[in-house]
Amino acid sequence: MKNRKNHLPVFITTFAILTLTFFGCSKTPSNNNGGGGTNGSTGTTGTTTAPLKTDVNMWLTNPDQSQLLAKQNVSLLFTPTTNSNITIHVDTTTTYQTVDGFGFALTDGSAQVINGLNTPINTALIKELFSTDSACIGVSYLRLTIGASDLSTAPYTYDDVAAGSTDPNLTQFSLTPAMTDLIPTLKKILAINPNIKILACPWSAPAWMKTNGNLSGGSLLPQYYSAYANYFVKYIQAMAAQGVNITAITPQNEPLNAYNNPAMLEQDTAESVFIAQYLGPAFAANNITTKIICYDHNCDHPEYATYVLNSSANQYVDGSAFHFYAGPITALSQVHNAFPNKNIYFTEYYTGSSDSFSGDLSYHVGNLIIGAMQNWSRNVLEWNLASDPSFGPHTTNGCSTCMGALTISGGATVQRNVSYYIIAHASKFVRPGATRIASDVSSEVPNIAFKNTDGSKVLIVLNSSGSTQSFNISFNSKIVTSTLEAGAVATYTWH
């Protein structure tokens with residue numbers, strides 16, 4: 001990750017966190033908590049009323065947190081009427097990309113604080129995050145770090161040796177650093193969702209492979225390209241031996257950012273050679289089907305991805321991945337249009353400790369859940385899944401302002417933060433294998449629509465205007481009318 005201070009969203013106000021204790025998946029939303037909601041609950045008083053007849057189900061999050069992913073007890077019936085409201089036409093006959101999933105980065109720090117929870121709370125939390133039960137949020141995609149990220153307690157790789165030594169045959173390779181927290185947490189997740197997709201990427205090659213002999217800065221020495229390709233092979237095989245299937249890798253997190261801890265510079269010319277002559281052939285020789293995705297950095301340099309895709313690496317590359325700390329989200333479409341047979345992925349954006357709930361809700365839903373998907377991404381991943389109350393663990397000079405989707409304090413206290421709701425508004429309803437379908441573009445009520453494999457339709461709507469908006473959802477020549485206050489987000493589902 002970059003130094004985040006230069007890339008904060010425009011909304012900077014005090015953010016009030018909600019303190020929660022988990023008692024399992026099923027919760028009744030109220031002013032004092034969030035969660036999946038329950039049938040028949042209004043989400044405002046915690047009382048249960050008889051459910052109203054409806055064609056369309058609605059889950060709502062308000063910017064003042066009075067509603068948090070709360071199922072609304074409202075009657076939304078399709079009728080052949082007309083009115084003067086903004087209308088979002090949803091069209092299942094026009095289709096775009098297939099959806100792989102929505103989720104977070106399970107960093108070392110995330111795994112550490114989650115694994116430190118008392119067993120009943122740990123079990124309930126993992127179920128809430130990864131189960132598809134009606135009151136859970138169904139996270140379907142994770143990002144792992146190959147070795148440390150800056151949200152680890154200290155920098156390391158899976159093949160560290162004494163200063164001045166080398167290990168070109170990788171005899172010292174070991175997953176030992178992952179065995180305390182990361183692997184146990186992954187095994188619990190896989191017990192809930194064995195089909196979860198996992199993207200893995202390194203923040204740095206082992207220091208002995210690098211020009212500066214350090215885990216921060218420097219670049220990969222060409223003499224170790226072959227050894228580093230085998231490092232990926234060993235990692236994928238070792239994870240598989242633990243029952244963890246790695247869906248995809250990127251060769252380097254933020255390859256144009258050498259200033260994190262750990263970090264490594266990898267120019268587009270180097271990445272293309274590494275993939276074409278070393279990593280791709282090593283995967284082929286070892287019958288590894290894990291996808292190779294290039295770039296994995298900001299939207300301000302789409303030419304990096306197009307360079308790699310224009311090179312001899314193309315045959316091995318599934319697509320390209322992007323972050324959102326610089327550049328427009330439309331850069332994803334720029335690469336898609338140049339290489340329509342290659343996939344697009346969105347792999348990182350963070351919420352900061354000084355940001356506001358309302359600001360981040362609107363900004364992330366508008367630019368990522370809606371924006372990245374409108375620009376051909378197959379997934380959306382927020383950054384850190386969980387952190388402690390001090391926004392750690394992190395390395396020295398690592399990100400000290402990265403707020404997790406969850407804040408975990410000690411062994412029993414869990415807080416849901418804004419990125420929990422950002423992702424949940426999609427992950428709970430848009431399942432892997434869904435297809436993005438057409439819906440009208442609107443500057444006042446930005447939206448994105450999907451059709452799941454079971455035939456259900458999902459529409460996610462943001463009111464980005466400065467006032468309450470009433471609008472129509474049109475489907476098969478009939479409409480329902482809904483209203484959102486300024487800055488609110490709603491997910492609508494129907495069959």
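Residues numbered from 1 in each chain as written. Predicted model: local features only at pLDDT ≥ 70, side-chain atom pairs only at ≥ 80, totals over all residues. Heavy atoms only, no water.

What follows deals with the overall build of the protein chain. Each helix and strand counted, the protein chain has 9 helices and 22 strands in total. In terms of overall dimensions, the protein chain is globule-like: its C-alpha atoms have a radius of gyration of 22 Å, near the 23 Å expected for 495 residues. Each of the three principal axes of the protein chain carries a C-alpha extent, and together these read 75 × 50 × 40 Å. Considering the protein chain as a whole, with its 495 residues, one finds that 61% of them fall into the buried category. Taking as baseline every contact in the protein chain between residues at least 6 positions apart, the subset at least 24 positions apart corresponds to 71%. Summed over all atoms, the accessible surface of the protein chain reaches about 17,300 Å², with 48% contributed by carbon and sulfur. Taking the average location of the 23 positive side-chain charges in the protein chain and that of its 29 negative ones, the two points are 9 Å from each other. (Helix = DSSP H or I, 4+ residues; strand = E, 2+ residues; numbered from the N terminus. Rg over C-alpha atoms; globule rule 2.2 N^0.38 Å. Buried < 20%, exposed > 50% of the residue type's maximum accessible area, 1.4 Å probe, protein only. Contact = heavy atoms within 4.5 Å. Areas by Shrake-Rupley, 256 points an atom, 1.4 Å probe, with all protein chains shown as cover. Lys, Arg positive; Asp, Glu negative; His and termini not counted. Charge placed at Lys NZ, Arg CZ, Asp CG, Glu CD.)

A few words on the sheet that holds strand β17 (residues 435-439). Spatially, 9 strands are ordered β2-β1-β22-β19-β18-β17-β3-β20-β21 in an open sheet, and the strand pairing comes out mixed. On the outer flanks of this sheet lie β2 (70-71) and β21 (478-484), each paired with one strand and no other. Bridging between strand β19 (residues 457-462) and strand β22 (residues 489-494) involves 6 bridges; their strand directions are antiparallel. The partner of Ile-460 across the bridge, within β22, is Thr-491. The strands that helix α8 (residues 357-374) touches are β1 (57-61), β3 (86-98), β17, β18 (447-451), β19 and β22; relative to β18, the one it contacts most, it runs at about 50 degrees. Against the sheet, helix α9 (residues 418-427) makes contact with β1, β19 and β22, and its axis sits at roughly 170 degrees relative to β1, the strand it touches most. (Pairing = 2+ DSSP bridges. Axes fitted to C-alpha atoms, helices over the stretch in contact; angles between N-to-C directions.)

On to the pairing of β21. Bridge count for strand β20 (residues 469-475) against β21 is 7 bridges, and the pairing is antiparallel. By the bridge assignment for β21, Asn-472 is matched with Thr-481.

For the rest of this paragraph, the subject is the packing of helix α6 (residues 302-310) against helix α7 (residues 331-338). Packing of α6 against α7 brings their axes to within 9 Å, and their N-to-C directions diverge by 20 degrees. Comparing their axes, α7 and α6 come out roughly parallel. As α6 packs across α7, the resulting crossing turns out to be right-handed. Where α6 abuts α7, its residues Pro-302, Ala-305, Thr-306 and Leu-309 lie against Ala-331, Gln-334, Val-335 and Ala-338. Of the residues contributing to the contact of α6 with α7, the split by class is 6 nonpolar, 2 polar and no charged. (Parallel < 35°, antiparallel > 145°, perpendicular 65-115°, else oblique. Left-handed = near helix turned anticlockwise from the far one by under 90°. Nonpolar A, V, L, I, M, F, W, Y, C, P; charged D, E, K, R; others polar.)

Per the stated rule, a full pass over the model turns up 30 aromatic pairs. Ring centres of Trp-59 and Phe-429 lie 4.6 Å apart, and the angle between their planes is 50 degrees; this geometry places the pair in the tilted category. Here Trp-59 is found in strand β1, whereas its partner Phe-429 is found in the loop between α9 and β17, with 370 residues between them in sequence. Here Trp-59 falls in the buried class, since its relative accessible area comes to 9%. Residue Phe-429 is classed as buried on the basis of its relative accessible area, which comes to 8%. Between Tyr-325 and Tyr-350, the ring centres sit 6.0 Å apart and the planes meet at 55 degrees, which makes this aromatic pair tilted. Pair noted here: Tyr-325 is in the loop between β9 (317-323) and α7 and Tyr-350 is in the loop between β10 (343-348) and β11 (351-352), with a separation of 25 residues, a long-range link. One exposure class covers both Tyr-325 and Tyr-350, and it is buried. Each member of the aromatic cluster is reached from another via a ring pair, and the members are Tyr-156, Tyr-158, Phe-173, Tyr-225, Tyr-228, Tyr-231, Phe-232, Tyr-235, Phe-274 and Tyr-278. For Arg-436, the ring lying beneath its charged end belongs to Trp-376, and the centroid distance is 5.4 Å. (Phe/Tyr/Trp six-rings, centres within 6.5 Å; stacked < 30°, edge-to-face > 60°. Lys NZ or Arg CZ within 6 Å of the ring centre and 35° of its normal.)

What follows is about the packing of α8 against α9. Running from N to C, α8 and α9 point in directions that differ by 35 degrees, and their axes come no closer than 9 Å. Where α8 crosses over α9, the handedness of that crossing is right-handed. Here Phe-357, Asp-360, Leu-361, His-364, Val-365 and Ile-369 of α8 come into contact with α9, specifically with Val-418, Tyr-421, Ile-422, Ile-423 and Ala-426. Classifying every residue of the contact of α8 with α9 by side-chain character gives 9 nonpolar, 1 polar and 1 charged.

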